[in-house]
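Single-letter residue listing:
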Amino acid sequence: MITSGYIVGGTGDAVSFASGFANRLAVGAGAAFVGTVDGGNTLGATTSSTLELTSSASAGTLASLGSQITHFANITVDSGATWTLTSDSIGAGYTIVDSGTLTNAGSIGSVVTLAGSGSLTNTSTGTVSSTGTAAVFSTSASVGAIQNAGLITDSNGFGRAINLRAGGSVNNTASGTIVSNYTGVYIRTGAGTVVNAGKIAGTSGSAIILNAGGTVTNQVGATLTAGAYAVYAQNAAGTLVNA
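So, a few notes on the structure that sits alongside this text. (Residues numbered from 1 in each chain as written. Predicted model: local features only at pLDDT ≥ 70, side-chain atom pairs only at ≥ 80, totals over all residues. Heavy atoms only, no water.)

## A short note on the sheet that holds strand S3 (residues 15–16)
And step 1. An order of S3-S6-S9 is seen for the three strands of this open sheet, with the pairing classed as parallel. The sheet terminates laterally at S3 and strand S9 (69–70), the two strands that pair on one side only.
And step 2. Relative to S9, strand S6 (residues 37–38) runs parallel, the two sharing two bridges. In the strand pairing of S9, valine 37 is matched with isoleucine 69. (Pairing = 2+ DSSP bridges. Helix = DSSP H or I, 4+ residues; strand = E, 2+ residues; numbered from the N terminus.)

Now the structure itself:
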């Protein structure tokens, strides 16, 4: 099903898919729903449903993901699409792939994977959390920037709050917190850029690891705390500016 319009449910749901099928709901920027939107397949079911946030001429806003809009285990943001999630509240068990421009103003309890040139902005009311190996993950060499003014956290003993496997940049604003039980920000095979005006912490490991070198700027009032190295750069030149 593809919609960019207005769908109003009567005595039933606005949209209801049957279980047991690989259902897909593609939503354009102008779409609105009155009533429950049910993907049909519960989390963990053998067959999963997909909510696709498509590219449009204007930016889209999706409200109440996880409450009004339920039973979509797969959530994708298409390349070229710009979407904001407001009042969202989803826990673990979702597969979220962002190939566009995604802004989160609610609560996401699953890994956000950035594909292609996908970028993520986590607002001051936003939380991205995971108990896996990362809260935000990417293997793309062309990944967009991560902007954080809220909370990005991973509670796995060997996890990274942000794990960019092919380089990238992170801007943590004054209200932002990036924290993990192991490493706060890990940027691997490409050079990394981290600007911190808030708090970045790795409880038992490092706050920031630049595995292929890069630049860290720690601004006035910002903190980097770690159980081991606060900033660790290796395999290429690293630059640290501590204001």
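On we go.
## Re the pairing of strand S23 (residues 168–172)
And step 1. Residue alternation in S23 divides its side chains into a buried set, Gly168, Val170 and Asn172, and an unburied set, Ser169 and Asn171.
And step 2. Across three bridges, the pairing between strand S20 (residues 146–148) and S23 is parallel. By the bridge assignment, isoleucine 146 is partnered in S23 with valine 170.
And step 3. In terms of strand pairing, S23 meets strand S26 (residues 192–196) through five bridges, oriented parallel. The partner of serine 169 across the bridge, within S26, is threonine 193. (Buried < 20%, exposed > 50% of the residue type's maximum accessible area, 1.4 Å probe, protein only.)

## Examining the pattern of salt bridges
And step 1. All chains considered together, the criterion is met by one salt bridge.
And step 2. Linking arginine 24 and glutamate 52 is a salt bridge whose minimum nitrogen-to-oxygen distance equals 2.2 Å. Remark: glutamate 52 occurs in strand S7 (residues 50–53) and arginine 24 occurs in strand S4 (residues 24–27); sequence separation between them is 28 residues.
And step 3. In this structure arginine 24 comes out as partly exposed when scored by relative accessible area, which is 39%.
And step 4. Classification of glutamate 52 by relative accessible area gives buried; the value is 15%. (Salt bridge = Lys/Arg side-chain N within 4 Å of Asp/Glu carboxyl O.)

## Overview of the packing of aromatic side chains
Geometry of an aromatic ring pair is reported as the spacing of the ring centres plus the angle between the planes.
And step 1. By the definition in use, this model includes three aromatic pairs.
And step 2. Seen in terms of ring centroids, phenylalanine 17 and phenylalanine 72 are 6.4 Å apart; in terms of plane orientation they differ by 90°. Their pairing is edge-to-face. In this pair, phenylalanine 17 sits in the loop between S3 and S4 while phenylalanine 72 sits in the loop between S9 and strand S10 (74–77), placing the two residues 55 residues apart along the sequence. For the residue pair phenylalanine 17 and phenylalanine 72, the accessibility class agrees, reading buried in each case.
And step 3. Their ring planes at 15° and their centres at 4.9 Å tell us that tyrosine 229 and tyrosine 232 sit as a pair that is stacked. (Phe/Tyr/Trp six-rings, centres within 6.5 Å; stacked < 30°, edge-to-face > 60°.)

## Some details on the environment of valine 128
And step 1. With respect to the secondary-structure elements, valine 128 resides in strand S18 (residues 127–130).
And step 2. What makes valine 128 buried here is its relative accessible area of 0%.
And step 3. Each C-alpha atom, one on valine 128 and one on glycine 91, is 9.7 Å from the other, the two residues being 37 residues apart in sequence.
And step 4. Once residues lying within four places of it in the same chain are set aside, the contact partners of valine 128 are Asn104, Ile108, Ser110, Val112, Asn122, Ala135, Val136, Leu151, Ile152 and Thr153. (Contact = heavy atoms within 4.5 Å.)

## Considerations on the sheet that holds S26
Whether parallel or antiparallel, the strands of a sheet pair through hydrogen bonds between backbone atoms.
And step 1. Within the open sheet, the nine strands sit side by side as S8-S11-S14-S17-S20-S23-S26-S29-S32. Their pairing is parallel. If you trace the sheet from one side to the other, it starts and ends with strand S8 (60–63) and strand S32 (238–242), each paired once. Between one strand and the next, the sheet's axes are offset by a mean angle of 10°, whatever the strand orientation. (Axes fitted to C-alpha atoms, helices over the stretch in contact; angles between N-to-C directions.)

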